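Descriptive analysis of the structure
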Amino acid sequence: MTLPISADLIATRNAVHAEALEDDYAALGRKLARTGIDIDAIKDRVAGFSVAVPSWGAGRGGTRFAKFPIPGEPTNIHEKLEDCAVIQQLGRVTPRVSPHFPWDKVSDYKALREEAASLGLGFDAVNSNTFQDQAGQAHTYANGSLAAQDAATRQQAVDHNIECIEIGVQLGSTDLTVWVGDGTNFPGQQDLGRSLDRYLEAASKIYAALPDDWRMLLEHKMFEPAFYSTVISDWGSSVLAAQELGPKAKCLVDLGHHAPNVNIEQIVARLHRFGKLGGFHFNDSKYGDDDLDSGSINPHQLFLVFNELVEAELNPKEGFNPSYMIDQSHNVTDPIESMLSSAETITQCFAKAQLVDRAALHAAQEANDTMMAFQALRRAYNLDVAPILAKARMEAGGAVDVLEAYRLSQYRSRKAQERKAVGLGAGIV
Ligand SMILES: [Mn+2]
């Protein structure tokens, strides 16, 4: 395996940080021991945690107005995999890449799987795309895809999703994520009931093509690109569709796909209650589907989501195996740096949720002791778990300070010499 960053560089920098890290880890260990928590056990759980990165997240995103590429940006799936390998090599929590078709199309998927493996990577959920037209496509998605009025358009969208499953089987994936841009901009534009009927009929054809061990993850979104209605607008529509489709259909929660201030952690608890929690797209939001870096705006919400996930894991309903993925648009940062930072934030929230004194929380809840119940969460949220993550990373061969190691490696400027420039343009990705 030839990894993109020099192992010597990582080892040299880790040696510089080692003494301070041991000191911080020991101090935190003593603090946690006073409440009966074994820090090494938490570190082991952190070491077992992972979140996938999206292939498209390796490139610079854009807004509706413009995209500002950076030198050395990846231009194809091979270069994206190399960048994802940097994130995994340094951070050690992102061993899988979620591909998107047709953006990541190649002629030989067996070779692509081997290429990823040689970089220390596997593949996560396969994402289909029926929200934009491709060159040479027979039917336009301008008026919808799985919910389109035109039967041939719906069939084309079904066929594309089935092709994604077939590609995913070759890549070792077991999940298909389906998000559709179908919806309307004007009252009266489509019949709200019949469009959902058409979606369900088309989605059931995709469902029928799932291998036994596969899941179909339905991603809801309240608005954009359609601004009056979307066909799978919210978690309610999503869970009803998933229930109608069958046990392999689950709901995927993208943190940015809700109205502002919606209680997303409660949605997590509800979906889990009905055995329909399929996965997450992590990002953060100030106003809408901003796709900002995870935890950059509201890290407390991210912690509360993980708190519900820990509760869900302790009370499994039809299994508990949510698929975690970062789904962000990096408009103003180096995407590798954003994903390193975001993966660390997500893991921190996971670790803090593990540190909640569940017995104290549950006892306070039973006793209607509001303040102590809140404090049980607050104590865990206020802990600085950075030493636990850094030690887990170091033991797995990653960097204690991921951003420092990345910058010292000069990876991006090296790639700027090798890779062809990305063109200017608009584009949400
Ligand atoms: Mn998403």
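Residues numbered from 1 in each chain as written. Predicted model: local features only at pLDDT ≥ 70, side-chain atom pairs only at ≥ 80, totals over all residues.

**Regarding the nonpolar core**
The line we're drawing: Remark: nonpolar core denotes a set of buried Ala, Val, Leu, Ile, Met, Phe, Trp, Tyr and Cys residues whose joining runs through C-beta atoms within 7 Å. Once C-beta atoms are placed from the backbone, each residue is buried if 20 or more other C-beta atoms lie within 10 Å of its own, exposed if 12 or fewer, and partly exposed for counts between those two. A helix here means a DSSP run of H or I that spans at least four residues, while a strand means a run of E at least two residues long, and both kinds are numbered starting from the N terminus. We call two residues in contact whenever the C-beta atoms placed from their backbones are within 7 Å.
Core analysis: the largest hydrophobic core is formed by 98 residues, its most contacted members being Val51, Ile87, Met216, Leu218, Cys251, Val253 and Ile388. Sorting elements by how many residues they give to this core places helix 10 (residues 335-354) first, with nine residues. Filtering out sequence-adjacent residues up to four positions away, valine 51 remains in contact with Val93, Thr94, Phe282, Tyr324, Met325, Ile326, Ala343 and Ile346.

**Regarding the pairing of strand 10 (residues 277-282)**
Our working rule: A strand pair is defined by DSSP finding two or more bridges across the two strands. Crossovers are described as right-handed under a simple rule: with the strands pointing away from the observer, the path leading from the first strand over the helix to the second runs clockwise.
Burial within strand 10 is extensive, with six of its six residues counted as buried. Pairing between strand 9 (residues 249-254) and strand 10: four bridges, direction parallel. The residue bridging leucine 252 from the neighbouring strand is glycine 279, located in strand 10. Between strand 9 and its parallel partner strand 10, the chain crosses via helix 8 (residues 264-273), and the hand of that crossover is right-handed. In this structure, strand 10 lies alongside strand 11 (residues 323-326), joined through four bridges in parallel fashion. When the sheet's bridge partners are listed, glycine 279 is paired in strand 11 with serine 323.

**Focus: helix 6 (residues 192-208)**
Here is the rule we go by: In a helix, the anticipated span is given by 1.5 Å times the number of residues less one.
If you check helix 6, its first and last C-alpha atoms are 25 Å apart, about what 17 residues at 1.5 Å a residue would give, namely 24 Å. At its buried positions, helix 6 is contacted by helix 5 (151-171), strand 5 (175-178), strand 7 (215-219), helix 7 (235-245) and strand 9.

**Some remarks on the pairing of strand 5**
Where burial is concerned, the two faces of strand 5 agree: the one with Asp175 and Thr177 and the one with Leu176 and Val178 are both buried. The sheet contact formed by strand 4 (residues 126-127) and strand 5 spans two bridges and is parallel. Bridge pairing in strand 5 links asparagine 127 to threonine 177. Once the chain exits strand 4 it traverses helix 5 before rejoining the sheet at strand 5, and the crossover so formed is right-handed. Strand direction decides the pairing type here: strand 5 and strand 7, joined by four bridges, are parallel. Paired with valine 178 across the strands is leucine 218, a residue of strand 7.

**As for the sheet that holds strand 7**
Quick note on the threshold: Axes here refer to lines fitted to C-alpha atoms; in helices the fit is confined to the stretch in contact. Angles between the N-to-C directions go from 0 to 180 degrees.
Strand order in the open sheet formed by six strands is 4-5-7-9-10-11, and the pairing between neighbours is parallel. The sheet is open, and its two borders are formed by strand 4 and strand 11, each paired with just one other strand. Of the strands in this sheet, strand 4 and strand 5 are in contact with helix 5, which crosses strand 5 at around 150 degrees.

**Observations concerning the sheet that holds strand 3 (residues 122-123)**
In spatial order, the strands read 1-2-3; together these three strands make up an open sheet with parallel pairing. Single-partner strands in this sheet number two, and they are strand 1 (53-54) and strand 3. When strand 1 meets strand 2 (residues 96-98), the two strands line up parallel, connected through two bridges. Among the inter-strand pairings, proline 54 is bridged to a residue of strand 2, identified as serine 98.

**A look at helix 15 (residues 411-418)**
Keep this limit in mind: This arc describes the spread of directions from the helix axis toward the C-beta atoms.
Looking at helix 15, one finds that the buried residues are Tyr411, Arg412 and Lys415. One side of helix 15 carries all its buried residues, which in axial view fall inside an arc of 90 degrees. Pointing more than 90 degrees away from the buried face of helix 15 are the exposed residues Ser413, Arg414 and Gln417. Where helix 15 is buried, its residues contact helix 3 (77-91) and helix 14 (402-409).

**Observations regarding the packing of helix 11 (residues 358-366) against helix 12 (residues 370-382)**
The condition is simple: Each angle gets one of four labels, with under 35 degrees taken as roughly parallel, over 145 as roughly antiparallel, 65 to 115 as roughly perpendicular, and the rest as oblique. With the far helix as reference, a near helix turned anticlockwise by less than a right angle produces a left-handed crossing, and one turned clockwise produces a right-handed crossing.
The geometry of helix 11 relative to helix 12 is characterised by a closest axis approach of 8 Å and an angle of 160 degrees between their N-to-C directions. Regarding the angle of helix 11 to helix 12, the classification is roughly antiparallel. Where helix 11 crosses over helix 12, the handedness of that crossing is left-handed. In contact with Ala360, Leu361, Ala364 and Gln365 of helix 11, helix 12 contributes Met372, Ala373, Ala376 and Leu377.

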